[in-house]
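So you can see what is in the structure, the chains are spelled out below.
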Amino acid sequence: MVGPVEPCARAKYAGPVLTIDQATYDAIVAHAKRDHPDEACGIVAGPEGSDRPERVVEMVNAAGSPTFYEFDSTELLELYKEMWDNDEEPVVIYHSHTATEAYPSRTDIGLASEPGAHYVLVSTREQGNNDGPVEFRSYRIIDGEVTEEEVTVVPELS
Amino acid sequence: MAIEVRIPTILRTYTGGEKAVTGDGAVLSALIDDLEANHPGLKERLIEDGDLRRFVNVYVNDEDVRFIGGLEAEVSDGDQVVVLPAVAGGAA
């Protein structure tokens, strides 16, 4: 079914995409709601080079703050050693913003250090700890440059 | 024998893509100087104003060096050193 495609449509589909399964999506949103008004943070690990976010790892926000997050340094090392042992990498690095939009802040951009990861931001500013939809957006952050990408939620990763 | 230093993805541009490199030194600062000789540019990404950068973690045999003397932390042959950028950010 190849036919003429309008330039803007083509540009849209040529862009990067985060494909994530419903259960993983729900786990990230639940974590963000639970920790509101503090920022929640964690990763989704997957096999190296696969781009498959398979294993959610909730991390403690060592900063315990509504405006900042940081993985505890000892837990960070444990996490990475576990991933190296499993031949995994952080496919998704997520955190929440609790009073602002789900867009990377200057701090987020300056500290982003995994060029291969999808940086997911969830905003709980509308619903807080309550049920209801949240902003869930994903970005690549490479050398200070932010590129938003589509998020495709599937029932299960194929 | 030498000290193996594990390099994170984002700094592998300085090591020709290598995940781990080796170096020598009696303390961490000397080890970093030794690495810099073979991998120019690396030191600047680890150290700022004479101290370890705030958002870079270095571990010697699984200990965060901030708890064992920082740049003066002792290292020796056979030690495992890991460099990991902090995972941090936030709305602020």
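In what follows, the structure referred to is the one given above.
Novice: Teacher, can you tell me more about the overall build of chain B here?
Specialist: Scanning chain B from N- to C-terminus turns up two helices and eight strands. Going from N to C terminus, chain B has its helices and strands arranged as β-β-α-α-β-β-β-β-β-β. Rg of the C-alpha trace for chain B: 13 Å, near the compact-globule value of 12 Å for 92 residues, within the 12% margin. Within chain B, the fraction of its 92 residues that count as buried is 45%.

Novice: Help me understand the sheet that holds strand β1 (residues 17-21) of chain A, please; the structure alone is not making it clear to me.
Specialist: In a beta sheet, neighbouring strands pair by backbone hydrogen bonds and run either parallel or antiparallel. Residues and elements named next belong to chain A. Here seven strands make up an open sheet; going across it, the order is β1-β8-β7-β6-β5-β2-β3 and the pairing mixed. Looking at which strands have only one partner, the edges of the open sheet turn out to be β1 and β3 (55-59). Strand-to-strand twist in this sheet, taken as the mean axis angle between neighbours without regard to direction, amounts to 30°. Judged from the five bridges that link them, strand β7 (residues 135-142) and strand β8 (residues 145-154) form a sheet pairing that is antiparallel. Pairing of S138 across the sheet is with E149, part of β8. Contacts between helix α2 (residues 22-35) and the sheet are confined to β1, β2 (41-47), β3, β5 (88-97), β6 (118-123), β7 and β8, with β1 contributing the most and set at about 90° to the helix.

What counts as what
- Residues numbered from 1 in each chain as written.
- Chains lettered and ligands numbered in written order.
- Predicted model: local features only at pLDDT ≥ 70, side-chain atom pairs only at ≥ 80, totals over all residues.
- Heavy atoms only, no water.
- Helix = DSSP H or I, 4+ residues; strand = E, 2+ residues; numbered from the N terminus.
- Rg over C-alpha atoms; globule rule 2.2 N^0.38 Å.
- Buried < 20%, exposed > 50% of the residue type's maximum accessible area, 1.4 Å probe, protein only.
- Pairing = 2+ DSSP bridges.
- Axes fitted to C-alpha atoms, helices over the stretch in contact; angles between N-to-C directions.
- Contact = heavy atoms within 4.5 Å.

Scope: geometric values only; no functional claims are made or implied.
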